[in-house]
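If you want the building blocks of each chain, they are given just below.
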Amino acid sequence: MLRHKGFKSPSELHKFLRDLTPSNVYYSCAYYENPEARMDEKGWLGADLIFDIDADHIPTPCKKNHDTWICPNCGFAGRGENPGKCPNCGSEKFETRIWACELCLEAAKAETLKLLDMLLEDFGFSEKEISVFFSGHRGYHVHVEGSAVRGLDSVARKEIVDYVSGLGLDPSFHGLRLTRYGAARLIQGPNLDDEGWRGRIAKGVYDFVLTASEEDFLRVGLPRKTAKTLVENRGKILESWKDNGPW
Ligand SMILES: [Zn+2]
Ligand SMILES: [Zn+2]
């Protein structure tokens, strides 16, 4: 692979590609004073913000139909995502055969749309600063270009990823809290039309209540009595969201 190339003009790049006709061409998301220098002498000026959304990392139910893994150490094999550690011999290496089906790609697309919503609405980037590319395989690449992101260091980039994935999110900072009203305990929560994670929490809970079975409510840790009450009063609960929410 030919690396560390830099070009002063588009025509210089065109000529290089014509002369060499490589089968694949990649470019760095970073900006350098001197791209052709050694890594430590390039002079890092900044980098675009890039998200890689890959169906591999989304736990779709169809994976158990089309993905297989085998432990090369003992021959133990299974379907779906590899278990991380071989249940038979404990080895952590696997040979996998994976496939991204229509459902997997749809799942990647849905995650990409969620991310775009956050970049536009929560972070306030403009559509002009954002590009979306099919990764050519199992997902999408989302590029954000612009002076606001170029100088961000790795800690700042990690913060953005944490925000986007909801890591370390404290619901009490997003309008969800327990208060007392006399002897009663009241849960207050965000509204469906709130901005950012507030609205996202409200919409997520609404969608869950809309379709959840009694078993689903049990699975998220509610007592059976509460689960029954929720199922029986589903209509009223959803209706109350038109005002201030049922919290
Ligand atoms: Zn094994
Ligand atoms: Zn699939």
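Definitions and cut-offs
- Per chain, residues are indexed from 1 in the order of the written sequence.
- To label them, take the chains in the order written and letter them from A, then take the ligands in the order written and number them from 1.
- Only residues with pLDDT of 70 or above have their local features reported here, since the model is predicted, and side-chain atom pairs are shown and tallied only from 80 upward, although totals for entire chains, interfaces and linings are computed over all residues.
- Hydrogens and waters are ignored; side-chain quantities use all the structure's heavy atoms.
- Strands pair, by our definition, only if DSSP identifies at least two bridges between them.
- Think of it this way: any DSSP run of H or I at least four residues long counts as a helix, any run of E at least two long counts as a strand, and we number them from the N terminus.
- Fitting a line to C-alpha atoms yields each axis, with helices limited to the stretch in contact; the angle taken between N-to-C directions then spans 0 to 180 degrees.
- Convention used here: angles under 35 degrees read as roughly parallel, angles over 145 as roughly antiparallel, angles from 65 to 115 as roughly perpendicular, and any remaining angle as oblique.
- Residue contacts are counted whenever heavy atoms from the two residues lie within 4.5 Å of one another.
- Residues are grouped as follows: nonpolar covers Ala, Val, Leu, Ile, Met, Phe, Trp, Tyr, Cys and Pro; charged covers Asp, Glu, Lys and Arg; every other residue, Gly included, is treated as polar.

Q: So what's going on with the sheet that holds strand E6 (residues 95–97)? Residues and values would help.
A: Spatially, 3 strands are ordered E5-E4-E6 in an open sheet, and the strand pairing comes out antiparallel. On the outer flanks of this sheet lie strand E5 (77–79) and E6, each paired with one strand and no other. Recorded for the sheet is a direction-independent mean angle of 15 degrees between the axes of neighbouring strands. With 3 bridges connecting them, strand E4 (residues 68–70) and E5 associate as antiparallel partners. For Thr68, the partnering residue across the bridge sits in E5 and is Arg79.

Q: If you had to explain the packing of helix H5 (residues 154–165) against helix H6 (residues 196–211) to someone new, which residues and values would you point to?
A: Interaxial distance between H5 and H6 falls to 11 Å at its minimum, and their mutual angle equals 30 degrees. With respect to their mutual orientation, H5 and H6 come out roughly parallel. Counted together, Tyr163, Val164 and Ser165 of H5 and Gly196, Trp197 and Arg200 of H6 form the full contact between these two elements. Taken together, the residues of the contact of H5 with H6 break down into 3 nonpolar, 2 polar and 1 charged.

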